[in-house]
Each structure stands twice: as C-alpha cells, then as structure tokens.
Amino acid sequence: ARFMQSYARLVRLPPPRAGKVDVAAWIQRTADLETRAKVAVAGGPAVAIPGDPDQLDQLLINLVHNAVEASAETGGGVRIHWVLAGGSVAIVVEDDGPGVADTANLFVPFFTTKPEGSGIGLVLARQIAEAHGGSLVVRNRKAARGAEAVITLPAPAIAAAAS
C-alpha cells in the first residue's frame, strides 16, 4: 500500500491543457494509428468538446489497444461510435474478444491478466477521463461476446457544434 501511494504521487497527471477537440477527427485519427487490425469508426453526431488533445489521444489509444488485443484472441473486430445525451458525449469502443473476466480489478494499478501488461493503461485512461470531468466504464457487452469501454465527457452547448 505504501508503494502504491508513493507511485500515485509520482505519476500525477498534469492538469489538462485547455483546447477544443473535434470528436470525429479525434476518433478517426486514433483508429488510423492502429496498425494491427482495422478499427471501424461507426460515427456519431458532429460535436467538439473542451479538452487536452494529447491526453485524450492517450486515453483513446489505450482503449483501442486493449480492444484490438482482445479481438485478436477470437478473430473478431473493433468498432467505435459516439452519441450525445444530456450535455455529454459517450464514446463507445467495443470489441468481439472474450470479454472481461474480472471487472473488479480493472482499475487496480499494476493488476493485469496480460503476460506483457503493466496494469497502468486503464488506470491512466480513467484518470484522464476524470481530469476532463468525465468517466470511464469497462464492462462486458450485453448483446454479444466481447467488452465495451464507455468514455463519457462533458459536451457543453457552446462546444456542441464541431468547427
């Protein structure tokens, strides 16, 4: 516990730099970075959100990386879409992998089920979402095999139209 507290102090995320992020461009850019598998961008409404582009890139890269790894186990795919609801945008990264066996430990630093994993990707992703006033949930899909990561971020009315 003492080590974890010290590590948490060491790796504090810097405050997000103010910026404006076009959601469609951000998601497409991240999907295009993935070279191991095609990531289908199903799309969503035009929206821009306030946020730090670099931190949001890291958040989505971590989730897409996990989804592609999971889908590789089953030969399935990865898809991203987003919706607007109640002043927020929900970005959903879904995969056709085996699903999440133990959701209780997903956000425990250094916990990993991967032989080469560090156990910090999801922890960092959630910290970034929360630093932007949002949240991150990872759960098994209800209607099909696989998992979904849902990022919810504020989408204020002034930023509702992408520029």
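Cut-offs and rules
Residues numbered from 1 in each chain as written. Predicted model: local features only at pLDDT ≥ 70, side-chain atom pairs only at ≥ 80, totals over all residues. Heavy atoms only, no water. Core = buried A, V, L, I, M, F, W, Y, C linked by side-chain atoms within 4.5 Å. Buried < 20%, exposed > 50% of the residue type's maximum accessible area, 1.4 Å probe, protein only. Helix = DSSP H or I, 4+ residues; strand = E, 2+ residues; numbered from the N terminus. Pairing = 2+ DSSP bridges. Polar contact = N/O pair within 3.5 Å; in protein donor to acceptor, adjacent residues only side chain to side chain. Contact = heavy atoms within 4.5 Å. Arc of directions from axis to C-beta. Salt bridge = Lys/Arg side-chain N within 4 Å of Asp/Glu carboxyl O.

**Structural notes on the nonpolar core**
In step 1: Counting residues in hydrophobic clusters, the biggest one holds 33 residues, and the most contacted among them are Trp 26, Ile 49, Leu 63, Ile 91 and Val 93.
In step 2: For this core, the elements supplying multiple residues, two or more each, are α2 (23-33), α3 (53-74), β4 (78-85), β5 (88-95), α4 (121-131), β6 (135-140) and β7 (147-154).
In step 3: Of the residues forming this core, the biggest block, seven residues, is contributed by α3.

**Brief notes about the pairing of β6**
In step 1: With six bridges connecting them, β6 and β7 associate as antiparallel partners. Note on β7: the bridge partner recorded for Arg 139 is Glu 148.
In step 2: Between β6 and β7, which pair antiparallel one after the other, the connecting turn spans six residues, and Gly 146 there sits at a positive phi close to 115°.

**Overview of the side chain of Glu 34**
In step 1: With respect to the helices and strands, Glu 34 occurs in the loop between α2 and β2 (39-43).
In step 2: Side chain to side chain, Glu 34 and Arg 36 meet in a polar contact 2.8 Å long.
In step 3: Not counting chain neighbours up to four residues away, the residues in contact with Glu 34 comprise Val 39, Val 64, His 65 and Val 68.

**Considering α2**
In step 1: Within the sequence span of α2, burial applies to Val 23, Trp 26, Ile 27, Thr 30 and Ala 31. Summarising the axial view, the buried residues of α2 lie within an arc of 125°, below the 170-degree limit, and thus occupy one face. When the buried face of α2 is taken as reference, the exposed residues oriented beyond 90 degrees from it are Asp 32 and Leu 33.
In step 2: N-capping of α2 is provided by Asp 22, with a side-chain oxygen placed 3.1 Å from the backbone N of Ala 24.

**Structural notes on the pattern of salt bridges**
In step 1: Evaluation of the coordinates by the stated rule reveals 10 salt bridges.
In step 2: Between Arg 79 and Glu 94 there is a salt bridge, with the nearest N and O atoms lying 2.8 Å from each other. With Arg 79 in strand β4 and Glu 94 in strand β5, this pair connects stretches of sequence that are 15 residues apart.
In step 3: Since its relative accessible area comes to 22%, Arg 79 is described here as partly exposed.
In step 4: By sharing partners, the salt bridges in this structure join Arg 79, Glu 94, Asp 96 and Arg 141 into a single network.

**Section: the environment of Asn 62**
In step 1: Mapped onto the fold, Asn 62 is located in helix α3.
In step 2: Taking relative accessible area as the criterion, Asn 62 reaches 13% and is therefore assigned buried.
In step 3: Remark: the alpha-carbon pair of Asn 62 and Thr 30, spanning 32 residues in sequence, is separated by 9.9 Å.

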